[in-house]
Protein chains: 2
Amino acid sequence: MIRLTTTSPTFAADFTALVNARREADADVARDVRAIIARVRDEGDAALADYTQRFDRHDLNATGWQIDPADWRAAYEALDPALRDALDLAAQRIATYHEKQRPVGSDTTDANGIRTGARWNAIQNAGIYIPGGRAAYPSSVLMNAIPAKVAGVDRVVMVTPTPDGEINPLVLAAAHIAGVDELWRIGGAQAIAALAYGTDRIAPVDVITGPGNAWVAEAKRQLYGVVGIDMVAGPSEIVVLADGQNRADWIAADLLSQSEHDPTSQSILITDDAAFADAVAAEVDAQIDTLATAKVARAAWDANGAIIVTASLADAISLIDRLAAEHLELACDDPQALFDQIRHAGSVFMGRHTPEAIGDYVAGPNHVLPTGRRARFASGLSVLDFMKRTSFLQLGPQGLAAIGPAAVALAEAEGLPAHARSVALRLN
Amino acid sequence: MIRLTTTSPTFAADFTALVNARREADADVARDVRAIIARVRDEGDAALADYTQRFDRHDLNATGWQIDPADWRAAYEALDPALRDALDLAAQRIATYHEKQRPVGSDTTDANGIRTGARWNAIQNAGIYIPGGRAAYPSSVLMNAIPAKVAGVDRVVMVTPTPDGEINPLVLAAAHIAGVDELWRIGGAQAIAALAYGTDRIAPVDVITGPGNAWVAEAKRQLYGVVGIDMVAGPSEIVVLADGQNRADWIAADLLSQSEHDPTSQSILITDDAAFADAVAAEVDAQIDTLATAKVARAAWDANGAIIVTASLADAISLIDRLAAEHLELACDDPQALFDQIRHAGSVFMGRHTPEAIGDYVAGPNHVLPTGRRARFASGLSVLDFMKRTSFLQLGPQGLAAIGPAAVALAEAEGLPAHARSVALRLN
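These numbers come from a predicted model, not from an experiment.

Caption draft 1: A look at the sheet that holds strand E6 (residues 182-184) of chain B. Residues and elements named next belong to chain B. Taking strand neighbours across the sheet as the criterion, the five strands line up as E6-E5-E4-E7-E8 in an open arrangement whose pairing is parallel. Of all strands in the sheet, those bounded by a partner on one side alone are E6 and strand E8 (228-229). In the sheet, strand E7 (residues 207-209) pairs with E8 via two bridges, with the strands oriented parallel. Residue pairing in the sheet places Val207 in a bridge with Gly228 of E8.

Below, the structure is given as structure tokens:
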């Protein structure tokens, strides 16, 4: 953890270093991923079976390529009732929030009878990647599949690796609730390649979303353009802006909720109260060893944690915009006044009773968010990622007479005579 | 040009080959582009000056790195009045169309006082790539810069190569009209790298849009994630659906307006009238040699042109969706009835008096559109490409009591104890 104070003579340089620090894994995975994609494209299912044997230690032809919807339902019905209710509540709130994102088209006709507009349609096939292994993330199933279903996607295909053939029942239950259509036992870059190009068994998709490790993220990046993707994902981060009136143990828990994800995660506290900064640092140290995730949280906090002391909350605004964080908590009395002045953040959690974790699960907004300063230009996952817009145009003779001559003039000036002729012929 | 008939026994295979044909340049530009990007990132302006000397044959330190806004205005004022009026009309109609795309946020509070919403903001810095050289595309300046300005982007940075130091005055005039903020004399992959990473002279941008050759397109693809980009662009295409009641010379001109762009362009006629197909083929041959662009148009039509004869217009719908074309003309009496059944197209031009070229220039909708079947998942350039959405959430004690326990249950099930604790502490 580093500690910075805005009054320090080295603050500007220290803060720039913090903003620019790369937390991506250093391993050059691009070449490995290129080879995996090429082989899946050439060999299809045989390559998938081979990679699955190698990385996940089971034979797809023995364990089965797909998991049947009846098994998802059985997993859902066997859940502890409190957990089942929690999943149901999350699914319902996520659906309600995302239904407000359905875009509205346009259709306008002007005085010359020139009709212009735009129509939105859902994509047909979406692929959802869900990490497997020891950790199970049913919340990611809901956050990816529900927006696709709200958009009106015909076919939602979930892929997830099942190391040693095992899968967490919570993930199956979430697939059942979210309305997934197919579930394949494949993971890694090879699963992304199979979704993009299709194989004999698996029909290709149009868009791929969902979290994954560095290989999965790189495969999505390389296949962007063959399919649509949600975003280029990097390590997760949180910025907590807190005045001295907060409870240090609450804020420490918020910082650790980010640190426990991954050793590359980053948690940053910005406060205008140096004594509160000391109290939070002490609380982090006190809480961290009590966590089952202590090892990861400690590594992340030591390597990437930061506490920044400013002269005022207002002084924090420009720092917050430069960090353009995935998650931003505003733990103060009038968070709206600060939010009004902030331009770049993936998702904002306002007030003292809005820990970021509530947004990870049940509040409704999506937890798939831009990382690594990409909130400067990118948005969280939404219904729009599963839809596309077709513009349209309709002219009659009167409309063409009104604007056609300008098109002819510009086409001739650009040296495109067939463009000009296609309009001019209809003007005569 | 190939000719297919749906009643042929080989039609299914022939049509699939047409859909899957790759028209991308075969040259492996990815490695060259990686090297150019790395050098610009390391050496900055010195690399830009060197590449410009090598590829555009002029010394930036002598000709000047930027072109001054006063020169844009002078170029605008010196234009032929008819051309100036045409550019002004185009700019005004493009602005009007794109203003309808401004997204609306949301802000809702439920009975438990749980507030959820989303707020849209413009990005701060946009980079616009405009090809240079003999051809001048002022329309591309308008189509890229105006949506950025409508979105509210603070700084629109245009880059364009000026081979031998020369630039077309129409492009300068368009920069003046469109409200561009800076104009730099650089092009190619090196210009994209400079915009993404910044140099001593050029401040970096957040999003890069605009057309370019294979090197420019590959540079944008490689830098996606460092910046936002509009799309992965490929060769342009048109599908014209026309019944036998059309004039063959009009439809031939429409097909040629696509073919004249580039040897990789594709024009496809689908008709339910075999005699009309013959007439259009003859008209294409008659018109093609009269074009100043004959050489390019002939190469594109010979290599990539296609005429498909179907038994009915309705039979064309599934073919149109599989082609998912950038441009689609519906030249028939009731185009709306067909449009209602079509799912995948970048932009649709309805009726007999709506040649695609009218949309390239003055109608209003954007001419930057998804190519190469990407209309299955992608949309044309819009105001949304220059904005991003921040979701937000605000709970009080009552709201947290209502949904917090579900978040605790899910966090514990996912093995994330600090997540659970950050909520549980606030529940006690």
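Caption draft 2: A look at the sheet that holds strand E11 (residues 306-309) of chain B. Overall, mixed pairing links the nine strands, which are arranged E2(A)-E3(A)-E14(A)-E13(B)-E12(B)-E9(B)-E10(B)-E11(B)-E1(B) in an open sheet. A single partner strand is all that each edge strand has here, and the edge strands are strand E2 (106-109) of chain A together with strand E1 (2-5) of chain B. On average, each strand axis in the sheet is tilted by 15 degrees relative to the strand beside it, whichever way the strands run. Sheet topology note: the strand E9 (residues 237-242) of chain B/strand E10 (residues 266-271) of chain B ladder contains six bridges and is parallel. Paired with Glu237 of chain B across the strands is Gln266 of chain B, a residue of E10 of chain B.

Caption draft 3: Examining the interface of chain A and chain B more closely. Between chain A and chain B, the residue contacts involve 127 residues of the former and 127 residues of the latter. Three residues, Arg343, Glu414 and Arg426 of chain A, lead the burial of chain A against chain B; their summed loss comes to 8% of the area buried on that side. Here chain A and chain B share eight salt bridges between them. Taken together, chain A and chain B are joined by 72 residue pairs in polar contact (both at pLDDT 80 or more).

Caption draft 4: Representation of the domain arrangement of chain A within the structure. Once the domains are mapped, chain A shows domain 1 (30-108 + 123-229), domain 2 (234-376) and domain 3 (395-427). Distance from the C-alpha centre of domain 1 of chain A to the C-alpha centre of domain 3 of chain A: 48 Å.

Caption draft 5: Layout of the UniProt feature "active site" (unreviewed entry) in chain A. All names here are of chain A. Mapped onto the present numbering, the UniProt feature "active site" (unreviewed entry) falls at Glu326 and His327. Relative to the elements of secondary structure, Glu326 occurs in the loop between helix H14 (316-323) and strand E12 (327-331). When near neighbours in sequence (up to four residues on either side) are disregarded, Glu326 contacts Ser236, Glu237, Gln258, Gly346, Ser347, His367, Leu369, Pro370 and Thr371. Along the polypeptide, His327 turns up in strand E12. Since its relative accessible area comes to 3%, His327 is described here as buried. Each residue touching His327, except ones within four places of it in the same chain, is listed here: Ser236, Glu237, Ile238, Val239, Gln258, Ser347, Phe349, Glu356, Asp360 and Leu369.

Caption draft 6: The environment of Met387 of chain B, seen in detail. For Met387 of chain B, the position within the fold is in strand E14 (residues 387-394). Remark: the alpha-carbon pair of Met387 of chain B and Tyr76 of chain B, spanning 311 residues in sequence, is separated by 29 Å. The residues contacting Met387 of chain B, other than those within four sequence positions of it, are Phe377 of chain A together with Pro103, Trp120, Asn121, Ala122, Ile123 and Ala151 of chain B.

Caption draft 7: The side chain of Ser267 of chain B, seen in detail. Relative to the helices and strands, Ser267 of chain B is located in strand E10. Separated by 2.7 Å, the side chain of Ser267 of chain B and the backbone oxygen of Leu255 of chain B make a polar contact.

Caption draft 8: Structural context of the packing of helix H6 (residues 81-99) of chain A against helix H8 (residues 169-178) of chain A. All names here are of chain A. Here H6 crosses H8 at 40 degrees, and the two axes come no closer than 11 Å. Taken together, the axis directions place H6 and H8 in an arrangement best described as oblique. By crossing handedness, the relation of H6 to H8 is classed as right-handed. Between H6 and H8, the residues in contact are Leu83, Leu87, Asp88 and Ala91 and Leu170, Ala173, Ala174 and Ile177, respectively. When its residues are assigned to classes, the contact of H6 with H8 shows seven nonpolar, no polar and one charged.

Caption draft 9: Layout of the packing of helix H11 (residues 248-259) of chain A against helix H13 (residues 294-304) of chain A. Residue and element names in this part refer to chain A. Running from amino to carboxyl end, H11 crosses H13 at an angle of 100 degrees, the nearest separation of the two axes being 8 Å. Of the possible angle classes, the one that applies to H11 and H13 is roughly perpendicular. Every residue of H13 that contacts H11 at Leu255, Leu256 and Ser259 is listed here: Val296, Ala297, Ala300 and Trp301. The residue inventory of the contact of H11 with H13, partitioned by class, reads six nonpolar, one polar and no charged.

Caption draft 10: Focus on the pattern of salt bridges. Residue and element names in this part refer to chain A. Tallied over the full model, the rule gives 42 salt bridges over all chains. Among the ionic pairs, Glu218 bridges to Arg221, the shortest N-O distance being 3.2 Å. One end of the pair is Glu218 and the other is Arg221, both in helix H10 (residues 214-223) and three residues apart, which spans about a single turn. Linking Arg298 and Asp302 is a salt bridge whose minimum nitrogen-to-oxygen distance equals 3.7 Å. Of this pair, Arg298 and Asp302 are both found in helix H13, four residues apart, which corresponds to roughly one turn of the helix. A residue is classified by how much of its surface remains accessible, and Asp302, at 43% relative accessible area, is partly exposed. Residues joined in a network through salt bridges with shared partners are Arg39, Glu43, Asp50 and Arg54.

Definitions and limits used
- Residues numbered from 1 in each chain as written.
- Chains lettered and ligands numbered in written order.
- Predicted model: local features only at pLDDT ≥ 70, side-chain atom pairs only at ≥ 80, totals over all residues.
- Heavy atoms only, no water.
- Pairing = 2+ DSSP bridges.
- Helix = DSSP H or I, 4+ residues; strand = E, 2+ residues; numbered from the N terminus.
- Axes fitted to C-alpha atoms, helices over the stretch in contact; angles between N-to-C directions.
- Contact = heavy atoms within 4.5 Å.
- Buried area = accessible area lost by both parts, 1.4 Å probe.
- Salt bridge = Lys/Arg side-chain N within 4 Å of Asp/Glu carboxyl O.
- Polar contact = N/O pair within 3.5 Å; in protein donor to acceptor, adjacent residues only side chain to side chain.
- Domains from an automatic or database assignment.
- UniProt positions renumbered as here; feature names shortened; annotations may be inferred.
- Buried < 20%, exposed > 50% of the residue type's maximum accessible area, 1.4 Å probe, protein only.
- Parallel < 35°, antiparallel > 145°, perpendicular 65-115°, else oblique.
- Left-handed = near helix turned anticlockwise from the far one by under 90°.
- Nonpolar A, V, L, I, M, F, W, Y, C, P; charged D, E, K, R; others polar.

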